[in-house]
Amino acid sequence: MKVLGINAVFHDPAAALVIDGLTVAAAEEERFTRRKHGKPPVSFSTWELPQQSIDWCLAEAGIEAGELDAVAYSYDPELAPGQDGDIVAGGWEGLRTLYARRAPLFMRALLPRFDPARFRWVPHHVAHAASATFASGFDPCSVLVVDGRGEHASHLAGRFAGGELQTLAVQELPHSLGLLYEELTAHLGFRRSSDEYKVMAMASYGEPSFLDELRDIVRTRPDGGFTVGDVDFSSYAPPLAPGAEFTPRHAALACSVQRRLEEVLLELAGWLHERTGDRDLVLAGGVALNCVANSRLWRDGPFERIWAQPASGDAGTALGAALNVAAELGDAPAPMESAALGRGWDDIALARELRRAGIAFETPADIADTVAEALAADQVVAWFQGRSEYGPRALGHRSLLADPRSRTNLEKLNDIKGREQFRPVAPMVPAERAAEIFEGGPLPSPFMLFTHRVRAGWAERIPAVVHVDGTARIQTVDRSHEPLMARCLDLFEQRTAVPVVVNTSLNTAGRPMVDSPRDALECFGSAPVDVLAIGAHVVRRAGIAAPGAHRAAA
Ligand SMILES: [Fe+2]
């Protein structure tokens, strides 16, 4: 069966293609249009489908729209508000519902050979859930979806067994943990539905001074749901203008909300575990990108193993919807072993792109060795390898790499990217070495969705990646899945005795991650990065010599 999944309703429009249960392609529209998050999450934009992602998914598989057995759309207008035809009421909610209902017609306009009878709507939270249950390979497992909102709810707790989802609890709107966190994000001067991870980073700088008040405002219920009361953030700390410095009160507010979120998730997970007794929990929904909360769930919660979907935001519902419909049509979805589901170019194509741009480059015998040498000489490397990542984390395919031994590299990378200095950068470590250096979180952790404590004796050796609270959001590198990155780490260790490098996403502030070779060259041309390692090829910034060349000259 050939099933195309689409997310188009709120933000992070994306497409994913599942053929005979195998995910062959998945990509976010922002990587093509270069507009972060693809579109604003307003009712007026719901008609817009992720056209470039859809076209690319079909082209990648070499199929035509007429060959699709189904198109799965991650929102069900039958479950949504605004059924009375009044498109204006409830903040234009009816317009969103109308657009979602008309999506098959928009789809046919986009793909003339597509048969609208093959269009299927998948409830938003069922799509999120499927993106974690089928993709994790855990069966049976418990599943927790927590986000801003779907059609009418903001949460789903359930059990997945034998490929079937049983919903055990749903929290109806307006109560929403995701929307509470978004409100706080806006209050602290950041972009809502986008910059929530900045609030999480800021929380590490504060004390949970307002936790008791938050415990009154956000409460769990005996039916597995929760309530979120009215909250006036201004009574704790004044609103911050974008770019303004935060005060200890702002950090205390961020910390208090973060802690209460963690507690509530623990309570929800506890309720779920009491009913399922499962060993494993899978997570999806935007709140599952909160790696600090995920780690707390792992550390203090009742489940032994936790798997979080790397594309836990709404982009991941394109994949979830496709997997769900593929299973309904009789296929057995294969687990997702890697997030590298986006576009890729081979070395010949990359050389052609570099020549076309008139860029001088070299093609060394071993790109991993060349990069390890540059990193050991404290150069910053843009690393463009293989297929791009699905989801917001750079996982060694579109990454900026640096030497973690140099404390100043945190500041340097934040400067290169034009982002706030309070934000951490993350370490990458071979999976089999992680336990030596990090503790207190699940291992392996291939998708950077948990934080770990840096072990005593290591924090001073890798200061660039240690956050203010002594943790690091690690990515463990599996040799069988990521042989090139693993070899680069080995060769860096041979030179430095440290098997860790700094990994942050290859982009500059406010822009989507680099996806194409042209994006990579634009980023390299506009940011003070020393080396671009693109496939087998190396581009060096003017005036930056190969470390080996220094040695040869000396
Ligand atoms: Fe969602």
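Just so it is clear, the model here is predicted, and its values are computed rather than measured.

How each quantity is defined
Residues numbered from 1 in each chain as written. Predicted model: local features only at pLDDT ≥ 70, side-chain atom pairs only at ≥ 80, totals over all residues. Heavy atoms only, no water. Helix = DSSP H or I, 4+ residues; strand = E, 2+ residues; numbered from the N terminus. Rg over C-alpha atoms; globule rule 2.2 N^0.38 Å. Buried < 20%, exposed > 50% of the residue type's maximum accessible area, 1.4 Å probe, protein only. Contact = heavy atoms within 4.5 Å. Areas by Shrake-Rupley, 256 points an atom, 1.4 Å probe, with all protein chains shown as cover. Phe/Tyr/Trp six-rings, centres within 6.5 Å; stacked < 30°, edge-to-face > 60°. Lys NZ or Arg CZ within 6 Å of the ring centre and 35° of its normal. Polar contact = N/O pair within 3.5 Å; in protein donor to acceptor, adjacent residues only side chain to side chain. 1 Å grid on protein atoms, 1.4 Å probe; cavity = no way out; pocket = protein on both sides within 12 Å on 5 of 7 lines; lining within 4 Å. Points joined across faces, edges and corners; volume = space filled by probe spheres on them. Nonpolar A, V, L, I, M, F, W, Y, C, P; charged D, E, K, R; others polar. Pairing = 2+ DSSP bridges. Axes fitted to C-alpha atoms, helices over the stretch in contact; angles between N-to-C directions. Parallel < 35°, antiparallel > 145°, perpendicular 65-115°, else oblique.

A.B. asks: I'd like a description of the overall build of the protein, backed by residues and values.
C.D. replies: Broken down by element type, the protein carries 18 helices and 22 strands. Computed over the C-alpha atoms, the radius of gyration of the protein is 23 Å, within 12% of the 24 Å expected from 2.2 N^0.38 for a compact globule of 554 residues. On the principal axes, the C-alpha backbone points of the protein span a range of 80 × 60 × 45 Å. By residue count, 59% of the 554 residues in the protein fall in the buried class. Long-range contacts, defined here as pairs at least 24 residues apart, represent 71% of the contacts in the protein between residues at least 6 apart. Looking at the protein as shown, the accessible area adds up to about 20800 Å², and 51% of this sits on carbon and sulfur atoms.

A.B. asks: Outline the packing of aromatic side chains, listing residues and values.
C.D. replies: Describing an aromatic ring pair means giving the distance of the ring centres and the angle of the ring planes. Using the criterion set out here, one finds 14 aromatic pairs in the structure. When the centroid spacing of 5.9 Å and the interplanar angle of 65° are considered together, the rings of Tyr205 and Phe246 count as edge-to-face. Of the two residues, Tyr205 sits in the loop between helix H7 (196-203) and helix H8 (211-217) while Phe246 sits in the loop between strand S10 (226-228) and helix H9 (248-276), which places them 41 residues apart along the sequence. Here the aromatic rings of Trp307 and Phe447 are separated by 6.0 Å at their centres, their planes lie at 85°, and the arrangement is edge-to-face. Placement of Trp307 in strand S12 (residues 305-308) and of Phe447 in the loop between strand S16 (438-439) and strand S17 (452-454) is noted, with a sequence separation of 140 residues between them. Phe447 matches Trp307 in its accessibility class, with the two residues each being buried. Over the face of the ring belonging to Phe384 we find Arg398, whose NZ or CZ atom lies 3.7 Å from the ring centre. Above the face of the Phe524 ring, Arg541 is positioned so that its terminal group lies 4.7 Å from the ring centre.

A.B. asks: Outline the side chain of Ser388, listing residues and values.
C.D. replies: Mapped onto the elements of the fold, Ser388 is located in the loop between strand S13 (381-384) and strand S14 (398-402). At 2.7 Å, the side chain of Ser388 forms a polar contact with the side chain of Asp515.

A.B. asks: Could you give an account of empty space enclosed by the protein, with specific residues and numbers?
C.D. replies: For the structure shown, the criterion picks out 1 cavity of 30 Å³ or more. Lining the largest cavity are Leu144, Val146, Leu265, Leu283, Ala284, Val287, Ala288, Asn294 and Leu297. Elements supplying a minimum of two residues to the lining of the largest cavity: strand S6 (141-146), strand S11 (280-284) and helix H10 (291-300). Its residues assigned to classes, the lining of the largest cavity shows 8 nonpolar, 1 polar and no charged.

A.B. asks: Any details on unusual backbone geometry? Residues and values, ideally.
C.D. replies: With an omega dihedral of 10°, the bond running from Asp139 to Pro140 counts as a cis peptide bond. Positionally, Pro140 belongs in the loop between helix H5 (124-136) and S6. Across the junction of Leu173 and Pro174, the peptide omega takes the value 10°, indicating a cis bond. Checked against the element boundaries, Pro174 lands in the loop between strand S8 (164-172) and helix H6 (177-187). Even without glycine at this site, Arg34 takes up a positive phi of about 65°. Inspection of the secondary structure puts Arg34 in the loop between helix H1 (30-33) and helix H2 (51-61).

A.B. asks: Could you give an account of the pairing of S11, with specific residues and numbers?
C.D. replies: Among the 5 residues in S11, 5 count as buried, and that is most of the element. Residues of S11 alternate between two faces, with Asp280, Val282 and Ala284 on one and Leu281 and Leu283 on the opposite face, all of them buried. For S6 and S11, the ladder comprises 4 bridges, and the chain directions are parallel. Counterpart to Val145 in the pairing with S11 is Ala284. In this structure, S11 lies alongside S12, joined through 4 bridges in parallel fashion. Residue pairing in the sheet places Val282 in a bridge with Trp307 of S12.

A.B. asks: Before we move on, can you summarise the layout of surface pockets with the specific residues and values?
C.D. replies: If you add up the space inside the second largest pocket, you get close to 700 Å³. If you list the elements that add at least two residues to the lining of the second largest pocket, you get H5, S12 and strand S19 (475-477). Per-element accounting of the lining of the second largest pocket gives the leading share, 4 residues, to S12. Each residue belonging to the lining of the second largest pocket can be placed in one class, and the counts come to 21 nonpolar, 7 polar and 6 charged.

A.B. asks: Can you lay out the packing of H5 against helix H11 (residues 316-328) for me, pointing to particular residues and giving the numbers?
C.D. replies: Each packed pair of helices is defined by two parameters, the angle between the axes and the distance between the axes. Contact geometry for H5 and H11: axes closest at 7 Å, N-to-C directions at 80°. With respect to H11, the axis of H5 lies roughly perpendicular. Of H11, the residues touching H5 (which contributes His124, Val126, Ala127, His128, Ala130, Ser131, Phe134 and Ala135) are Gly316, Thr317, Gly320, Ala321, Leu323, Asn324 and Ala327. Here the residues of the contact of H5 with H11 sort into 8 nonpolar, 7 polar and no charged.

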